[in-house]
Structures are given as structure tokens and as C-alpha cells.
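Understanding the architecture of this molecule
The chain contents come next:
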Amino acid sequence: MSDPNVVIQIRGLKNSFGEQVIHDGLDLDVRRGEILGVVGGSGTGKSVLMRSIIGLQTPDDGTVEVLGENMIGREEDEAKNIRRRWGVLFQNGALFSTLTVAENVEVPIREYFPFIKEPLLDEIASYKIAMSGLPANAGPKYPSELSGGMKKRAGLARALALDPELLFLDEPTAGLDPIGAAGFDELIEGLKHKLELTVFLITHDLDTLWAICDRVAVLADQKVVAVGTIEELLALDHPWIQEYFNGPRGRAAVASLKRQ
Ligand SMILES: Nc1ncnc2c1ncn2[C@@H]1O[C@H](COP(=O)(O)OP(=O)(O)OP(=O)(O)O)[C@@H](O)[C@H]1O
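Residues numbered from 1 in each chain as written. Predicted model: local features only at pLDDT ≥ 70, side-chain atom pairs only at ≥ 80, totals over all residues.

An unreviewed UniProt entry lists the chain under the name ABC transporter ATP-binding protein, from Sphingomonas brevis.

Below is the structure:
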């Protein structure tokens, strides 16, 4: 990757499941320090794209470079070294239900730093839990004892466990009430600045896009059909983009932003 300001570079990506082609010739650059929103209709392959970047889906064709490293066909120990440089918050939180919040946060730390002793582990976990906006008493709780919003924050605390450079978020505000969602947006934006993160954020949430995304990539027709600021996207004549950002919900999101 020649440009050091590009932390994810995807070229000619192709993914399919049997006869169903999800991506074909997909290109995308994610720039250092930005929050890139990824939008597209249901089933356009946003999650499959994220899985291709983090190595959970082997593409049929194309190249994926993350932080200057080629991600495709790497040996497990090499891939593991790259993986520790990012954190992922999956759509459902993906917490281990038999572990407490603190233990969940400690899982990646134990994997990469098995020599770290319990008191320090506990301290790191408490720090990440606080950083994610959870009260200190959330640490000993089990996921089943948490609200939806708290589960997302617990998942975020685990994603931050290894001090990542890159954060992947798959629909982080889905299922949250508007106040909870706005709080989560603020948290992400604050963390981006504080930790100098680059964020790849899949969302359907128009408020999130307007509030915190530096640029937005639009998936349609098996590709990224456009990427830019929302203002730049609005100037395009693409029917889905116009419908999405200029439809009733898109206009409502702008109106609510103006009221703030
Ligand atoms: N492991 C898999 N096996 C077969 N098909 C899959 C697999 N994973 C995803 N798909 C299919 O790929 C398509 C894209 O799925 P994906 O989850 O990436 O969509 P999405 O854009 O994230 O959708 P949504 O907005 O609804 O979450 C869907 O048709 C889905 O059924």
C-alpha cells in the first residue's frame, strides 16, 4: 500500500456463495483517522465485506490490505499478529455468555499476553470497561444481566482490550433507543479522537451517519458505488442514494441534527 494514510485498501474484491454473487470488482480505501460509514440495502454484503477485511471470509478474487499487510492467504501466526491491531464489535455483541463482562474483556488479553498476572488483568479490564462508559459494577455481571445498550458497551470494551488502531463496528446502534444510540455515537466519536482510531462502521442509522461519519461508502450492485461526505453523495444522481438520504427518514435525520 503506497499511501500511508490509507489503512484499508480493497481492490477487485469478489465474494459469492454458490451461484449468488455478493461482491464483484469492489474497490474501497479507508483513510487513517476517519470514521467511515458503510451503508447499503439489506443483503448488499456489508457484513460479508467486513468479514473479508478481518479474514473471516476468503474472497474468490481481489486483494485486501490492512495496515499495509496483505490479508489473504496468510499463515495463522502471521494473521494473528495483524489481528491484534484491530478490535471488532459484532452485530449481536458476541459476548461469551458464561463469562462475566470483565472476563470477556480479558479473553483477548490472555490470548496475546498469557504472562500478564491477574491483578494487572483486572486493572486493564476495569479501565476498558470505564472507557466504554459502563459503571464499575458492570465488571462482575454476566451478559444476561445487562441491557442491550450495556451489552454493546461490553462488546466495545472487549474490542478495545488490545489498544487497537482500527475498530470494526457492525450496526452498533441497532436495537438501541434514540437516546442510547446518540450516547453510543458520542462515545465512538470521543474514542476516535482520544485513541486516534480509524473506524469502519456498518450502519442503517441515518442519525449516526450525519452525527459522526467523516465519509460514507455506499454498497449497491455488488460494488461500492460511491464514497464521500454525505453532502458529496447527495450531489450524485444515484437512485438508491437519493432515496436513502433524501427520503422521509433522511430528511428527518437532518432536521433533528439542525435542532441540536
Ligand atoms: N455464510 C454464508 N453462506 C451463504 N450465504 C451467505 C453467508 N453469509 C452471507 N450470506 C449471504 O450474503 C448476502 C449478504 O449478506 P450480509 O450479511 O453481508 O448483508 P448485509 O448487507 O450486512 O445485510 P443486513 O443489512 O441485512 O445486515 C445475503 O444474501 C446473505 O444471505
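With that out of the way, let us pick up the pairing of strand β1 (residues 6-17). Relative to strand β2 (residues 20-31), β1 runs antiparallel, the two being bridged by nine bridges. Note on β2: the bridge partner recorded for S16 is V21. As consecutive antiparallel partners, β1 and β2 are separated by two residues, and within that stretch G18 has a phi angle of approximately 60°, a positive value. With five bridges connecting them, β1 and strand β4 (residues 61-66) associate as antiparallel partners. Considered in β4, the bridge of Q9 is made with E65. (Pairing = 2+ DSSP bridges. Helix = DSSP H or I, 4+ residues; strand = E, 2+ residues; numbered from the N terminus.)

A sheet is described by the order of its strands in space; here six strands give the open sequence β6-β7-β8-β3-β9-β10, paired in mixed fashion. Looking at the sheet topology across the chains shown, the edges are occupied by β6 (86-89) and β10 (223-228). Recorded for the sheet is a direction-independent mean angle of 15° between the axes of neighbouring strands. One ladder, built from five bridges, connects strand β9 (residues 215-220) with β10; its direction is antiparallel. Note that in β10 the partner of A217 across the bridge is V227. Together, β3 (35-40), β7 (166-170), β8 (198-202) and β9 form the strand contacts of helix α1 (residues 46-53), whose direction differs from that of β8 by roughly 145°. (Axes fitted to C-alpha atoms, helices over the stretch in contact; angles between N-to-C directions. Contact = placed C-beta atoms within 7 Å.)

A few words now on the packing of helix α3 (residues 101-112) against helix α4 (residues 118-131). For any two helices packed against each other, one specifies the inter-axial angle together with the distance between the axes. Contact geometry of α3 with α4 gives a least axis separation of 9 Å together with a crossing angle of 110°. Our classification of the angle between α3 and α4 gives roughly perpendicular. Between α3 and α4 the crossing geometry is right-handed. Only L121, D122, I124, A125, K128 and I129 of α4 make contact with α3, whose side of the interface consists of V101, A102, V105, E106 and I109. Of the residues that constitute the contact of α3 with α4, the class distribution is eight nonpolar, no polar and three charged. (Parallel < 35°, antiparallel > 145°, perpendicular 65-115°, else oblique. Left-handed = near helix turned anticlockwise from the far one by under 90°. Nonpolar A, V, L, I, M, F, W, Y, C, P; charged D, E, K, R; others polar.)

This part covers the domain arrangement of the chain. By domain assignment, the chain separates into domain 1 (1-85 + 166-260) and domain 2 (88-163). Between domain 1 and domain 2, the C-alpha centre-to-centre distance is 24 Å. Every contact between the two is made by 14 residues of domain 1 and, on the other side, eleven residues of domain 2. Here the side of domain 1 that touches domain 2 takes four residues from β7, the largest share from any one element. Considered class by class, the residues forming the side of domain 1 that touches domain 2 number nine nonpolar, two polar and three charged. (Domains from an automatic or database assignment.)

Attention now moves to helix α9 (residues 239-246). For α9, every residue scored as buried is listed here: I241, Y244 and F245. Projected down its long axis, α9 shows its buried positions confined to an angular sector of 80°, all on one face. Residues of α9 that are exposed and angled more than 90 degrees away from the buried face: P239 and N246. (Buried ≥ 20, exposed ≤ 12 C-beta atoms within 10 Å, placed from the backbone. Arc of directions from axis to C-beta.)

Read across the open sheet, the four strands follow the order β2-β1-β4-β5; overall the sheet is antiparallel. The sheet is open, and its two edges are formed by β2 and β5 (69-70), each paired on a single side. Packed onto the sheet, α1 meets β1, β2 and β4 and runs at close to 120° relative to β1.

A few words on the site of the ligand. The ligand sits among F17, I22, G40, S42, G43, T44, G45, K46, S47 and V48. Taken together, the residues of the shell around the ligand break down into three nonpolar, six polar and one charged. (Near = placed C-beta within 6 Å.)

Turning our eyes to something else, we now look at the pairing of β3. Two faces make up the sheet, and in a regular strand the side chains alternate between them. Extensive coverage of β3 is indicated by the burial of six of its six residues. Here β3 pairs with β8 via four bridges, running parallel. Paired with G37 across the bridge in β8 is L201. As defined by bridge partners, β3 adjoins β9 across five bridges and the pair is classed as parallel. Looking at the pairing, G40 lines up with L219 of β9.

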